[in-house]
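Read off the chains here:
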Amino acid sequence: MPKLIINNLKKTYPNGTQALKGIDLSFSNGMYGLLGPNGSGKSTLMRTIATLQDADEGTIFMDELDVLKEKAEVRKILGFLPQEFDLYPKATAYELLEHLAILKGLTDKVSRKETLNTLLERTNLISVRNQKLGSFSGGMKQRFGVAQALLNKPKILIVDEPTAGLDPVERVRFLNILSELAVDTIVIISTHIVEDVSELCVNMAIMNEGKVLVESKPDTLIAAMNGKVWKKLVSAEELAQLEAKYKTLYSLMLMGNRVTHIYSETDPGDGFESTEPDLKDVYFYYIKGMNDV
Ligand code: ADP
């Protein structure tokens with residue numbers, strides 16, 4: 001099984017922003033979720049793996065292949081789906097995909113047709129292949145993006161913030177396609193949406209401020225918080241008091257009150273009840289640095 005290994009990757013932009021402060025990560029098959037708030041360095045990391053920008057220090061290896069040095073070789077085995085991508089609105093899905101296929105060297109007409117039809121099937125676009133891209137919904141465009149990223153049968157597929165702007169049905173459909181691909185491809189998605197990771201990622205990392213806070217499996221991280229997450233319905237004033245007293249994970253408005261989740265290794269009393277942890281609790285636990293104290 002191919003492996004992608006990142007060691008001590010660092011990047012500081014010319015304006016002084018330290019976007020990556022020494023990243024160590026490894027990836028193999030199965031969908032991998034890189035979760036973190038905006039500005040945590042996800043895009044910088046994804047673009048560096050995709051050979052679109054350079055790092056200052058560190059290494060990335062895909063098995064024996066030096067990703068930072070042998071960019072042309074890497075591009076042959078890599079598919080990249082950027083956050084947003086412009087499509088020629090007057091072309092049909094089939095026409096543009098065929099055009100891109102020819103650019104990528106799929107010159108044989110018969111096998112090209114077969115490849116295109118397979119990709120359109122896999123991304124659920126076969127029935128709309130003759131529609132103009134200008135008429136496509138956000139989800140259809142994203143799926144077209146996946147189809148084009150798969151033209152060279154990549155061993156690694158990198159997808160930066162894939163679900164932004166997708167409605168719930170499109171989101172699930174899109175993530176399912178990626179998850180199927182991940183059976184024999186390294187699929188890395190970056191996202192700030194916890195549910196993108198909890199639903200389909202086999203492995204994950206949480207990033208913040210250019211660092212990896214934790215790398216593990218979603219289920220393992222959730223299980224580690226069992227019995228340590230407590231909830232209570234409080235008013236806005238009470239919330240301020242609770243925040244001073246407890247490790248508040250997060251709170252959600254519910255009919256004018258706030259459902260507040262806190263982290264506590266022992267029963268906090270005070271009207272709190274135990275609740276089953278989920279990945280959102282895990283996310284805030286790490287983002288708020290509660291593992292550090
Ligand atoms: P994310 O994808 O998690 O939102 P980014 O990698 O886009 O994070 O950004 C990480 C940090 O680097 C942020 O502080 C961002 O403002 C900064 N940054 C990103 N791109 C540039 C750039 N081209 N020049 C300067 N700073 C940048």
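Here the structure is shown first, and the text comes after it.
One structure accompanies this document, and this report is about it. Here the structure is a predicted model, which is why all the values come from computation and not from measurement.

## Digging into the site of the ligand
In the vicinity of the ligand, the contacting residues are Tyr 13, Asn 15, Thr 17, Ala 19, Pro 37, Asn 38, Gly 39, Ser 40, Gly 41, Lys 42, Ser 43 and Thr 44. Between the ligand and Gly 41, the relevant distance is 3.0 Å, taken from an oxygen atom to a main-chain nitrogen or oxygen of the residue. In this structure, Ser 43 approaches the ligand through a main-chain N or O atom, which is 2.7 Å from an oxygen atom. Contact with the protein chains removes 62% of the 560 Å² of surface that the ligand exposes when unbound. Element by element, the count of residues in the shell around the ligand is highest for helix H1 (residues 42-49), at three residues. Residue composition of the shell around the ligand, by class: three nonpolar, eight polar and one charged.

## With respect to the sheet that holds strand S14 (residues 273-274)
One open sheet holds the four strands; their spatial order is S12-S13-S11-S14, and the pairing between them is antiparallel. Either end of the sheet is taken by a strand with one partner, and the two such strands are strand S12 (247-254) and S14. When S12 meets strand S13 (residues 257-263), the two strands line up antiparallel, connected through seven bridges. Bridge assignment links Met 253 to a residue of S13, and that residue is Arg 258. Its contacts with the sheet place helix H9 (residues 236-245) against strand S11 (229-234), S12 and S13, and it is angled at close to 145° to S11. Contacts between helix H10 (residues 279-287) and the sheet are confined to S11, S12 and S13, with S12 contributing the most and set at about 130° to the helix.

## So, the environment of Leu 239
Mapped onto the fold, Leu 239 is located in helix H9. Distance in space between the C-alpha atoms of Leu 239 and Arg 258 is 7.7 Å, their sequence separation being 19 residues. Ignoring any residue separated from it by four or fewer positions in sequence, one finds Leu 239 in contact with Val 234, Thr 248, Ser 251, Arg 258 and Thr 260.

## Let's talk about the sheet that holds strand S3 (residues 30-35)
Overall, mixed pairing links the six strands, which are arranged S6-S7-S8-S3-S9-S10 in an open sheet. With partners counted over all chains shown, the strands left at the sheet margins are strand S6 (78-81) and strand S10 (211-216), one partner each. On average, each strand axis in the sheet is inclined to that of its neighbour by 15°, with strand direction left out of account. Note: S6 against strand S7 (residues 156-160), four bridges, orientation parallel. Bridging across to S7, Leu 81 finds its partner in Val 159. Relative to S6, helix H5 (residues 138-149) is tilted by about 160°, and along the sheet it contacts S6 and S7. The strands that H10 touches are S3, strand S9 (203-208) and S10; relative to S9, the one it contacts most, it runs at about 40°.

## Description of the pattern of salt bridges
All chains considered together, the criterion is met by ten salt bridges. One salt bridge in this structure joins Asp 54 and Lys 71, with 2.6 Å as the shortest N-O distance. In this pair, Asp 54 sits in the loop between H1 and strand S4 (57-62) while Lys 71 sits in helix H2 (residues 71-76), placing the two residues 17 residues apart along the sequence. With a closest N to O distance of 3.4 Å, Asp 270 and Lys 245 form a salt bridge. On the criterion of sequence distance, the pair formed by Asp 270 in the loop between S13 and S14 and Lys 245 in helix H9 is long-range, its members being 25 residues apart. Since its relative accessible area comes to 60%, Lys 245 is described here as exposed. Taken together, the salt bridges that share partners define one network made up of Arg 171, Asp 196 and Glu 199.

## A closer look at the packing of helix H3 (residues 93-103) against H5
Following both chains from N to C, one finds H3 and H5 inclined at 30°, their axes separated by 10 Å at the closest point. Comparing the axis directions of H3 and H5 gives the class roughly parallel. Crossing hand, H3 versus H5: right-handed. For the pair formed by H3 and H5, the contact residues are Ala 93, Leu 96, Leu 97 and Leu 100 on the first element and Phe 144, Ala 147 and Gln 148 on the second. Each residue belonging to the contact of H3 with H5 can be placed in one class, and the counts come to six nonpolar, one polar and no charged.

What counts as what
Residues numbered from 1 in each chain as written. Predicted model: local features only at pLDDT ≥ 70, side-chain atom pairs only at ≥ 80, totals over all residues. Heavy atoms only, no water. Near = heavy atom within 4 Å. Polar contact = N/O pair within 3.5 Å; in protein donor to acceptor, adjacent residues only side chain to side chain. Areas by Shrake-Rupley, 256 points an atom, 1.4 Å probe, with all protein chains shown as cover. Helix = DSSP H or I, 4+ residues; strand = E, 2+ residues; numbered from the N terminus. Nonpolar A, V, L, I, M, F, W, Y, C, P; charged D, E, K, R; others polar. Pairing = 2+ DSSP bridges. Contact = heavy atoms within 4.5 Å. Axes fitted to C-alpha atoms, helices over the stretch in contact; angles between N-to-C directions. Salt bridge = Lys/Arg side-chain N within 4 Å of Asp/Glu carboxyl O. Buried < 20%, exposed > 50% of the residue type's maximum accessible area, 1.4 Å probe, protein only. Parallel < 35°, antiparallel > 145°, perpendicular 65-115°, else oblique. Left-handed = near helix turned anticlockwise from the far one by under 90°.

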